[in-house]
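Coordinates in review
Each chain, written out:
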Amino acid sequence: MSHVLILISAPDDPAVDDSLLARIADAAGADATQAQILAPGKAAELPLKSGVDAAGAARAAAEAHAGLPVDSVVLPAANRRKRLLLADMDSTMIQQECIDELADRLGRKADVAAITEKTMRGDIDFPTALRSRAAMVAGLPASIIDEVFDSAITFTPGGATMIATLRQAGIYTALVSGGFTDFTSRVRGRLGFDEDRANRLVIDDGGRLTGGVHDPILDSSAKRTALDELAGRLGIGPADAAALGDGANDCDMIAHAGLGIGYRPKPKLAAVADAILHHADLTGVLYLMGFREAEFAAA
Ligand SMILES: [Mg+2]
């Protein structure tokens, strides 16, 4: 199987120049004469020479650009452009954890965020942690969600361009979150996802959060099930799907997808991802699929 080495820089520090390409090609056993520039200074790809071990090339490339704001990823050259993307929401498409921001309205952000952090590292059972955190925001009026969304939530750079470009290319996009529909529906609307799936907070007749969560809980295995369902609907297999996330509850779908991408991932997720983005913004997902910057859609 032939492989390609993809280099992507931090968006505001374009470090992928000719000298870096030559140095990394030399270290990793890639062919610098066949380099394709995906975005000048920001992204390029190089084929590995035949017979070069992909895992060894990935390690050598990482050592060769250590200290630079550059991500390197080795992927099979075939079937890079997928037909489906599933994306996590909290700390992936947005830069916060929504439940932490809700708890902030009750002065309980630190308590809730501590549980969120442990959950996303995979140190606590997800459904238990979800219910205990939801219980901590009981009593808040549901109407506060609009205000929290507008004042506390920021979108991860590159996300809107990523979704617009994927959709322009006919790739189906789904926001699949262990958070709550009150937020995913708003993020879907703003970024243009085809659909969203998440957990539902229970709201009482007076319009307040009861602290409960409707069954079934959307957890890590449900994210993987969502991948299979959506792929089945599109008549494709998991090899034609990409999945993107940051936390332990993304592990199942990311391990299952043909292209599993960890964005600033927790260690448990990094261990199962095909590609890790530490420096790139979310347009890095597009370079991994072989898009050039000139093909990006206006967000
Ligand atoms: Mg997340």
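Read on for an overview of the structure. Everything quoted here is computed from the prediction, not taken from an experiment. (Residues numbered from 1 in each chain as written. Predicted model: local features only at pLDDT ≥ 70, side-chain atom pairs only at ≥ 80, totals over all residues. Heavy atoms only, no water.)

1. Focus on the pattern of salt bridges
- Here the structure, examined in full by the defined rule, presents 16 salt bridges.
- A salt bridge links glutamate 229 to arginine 197; its shortest N-O distance comes to 3.0 Å. Linking glutamate 229 in helix α10 (residues 220-234) with arginine 197 in strand β7 (residues 195-199), this pair joins segments that are 32 residues apart in sequence.
- On the basis of relative accessibility, which here comes to 45%, the residue glutamate 229 falls in the partly exposed class.
- A salt bridge links aspartate 250 to lysine 223; the shortest N-O distance between them is 2.6 Å. Placement of aspartate 250 in the loop between β10 (241-245) and α11 (251-256) and of lysine 223 in helix α10 is noted, with a sequence separation of 27 residues between them.
- Residue class for aspartate 250 comes out buried when judged on its relative accessible area of 0%.
- Sharing partners across several salt bridges, the network here consists of Glu195, Arg197, Glu229 and Arg233. (Salt bridge = Lys/Arg side-chain N within 4 Å of Asp/Glu carboxyl O. Helix = DSSP H or I, 4+ residues; strand = E, 2+ residues; numbered from the N terminus. Buried < 20%, exposed > 50% of the residue type's maximum accessible area, 1.4 Å probe, protein only.)

2. A look at the coordination of the magnesium ion
- Here the magnesium ion is held by the protein donor atoms Asp88 (OD), Asp90 (O) and Asp246 (OD), which lie 2.1 to 2.2 Å from it.
- In terms of primary sequence, the donors binding the magnesium ion are separated according to D-x1-D-x155-D. Grouping residues by exposure puts aspartate 88 and aspartate 90 together as buried. (Donors = N, O, S within 2.8 Å, 3.2 Å for Na, K, Ca; no water.)

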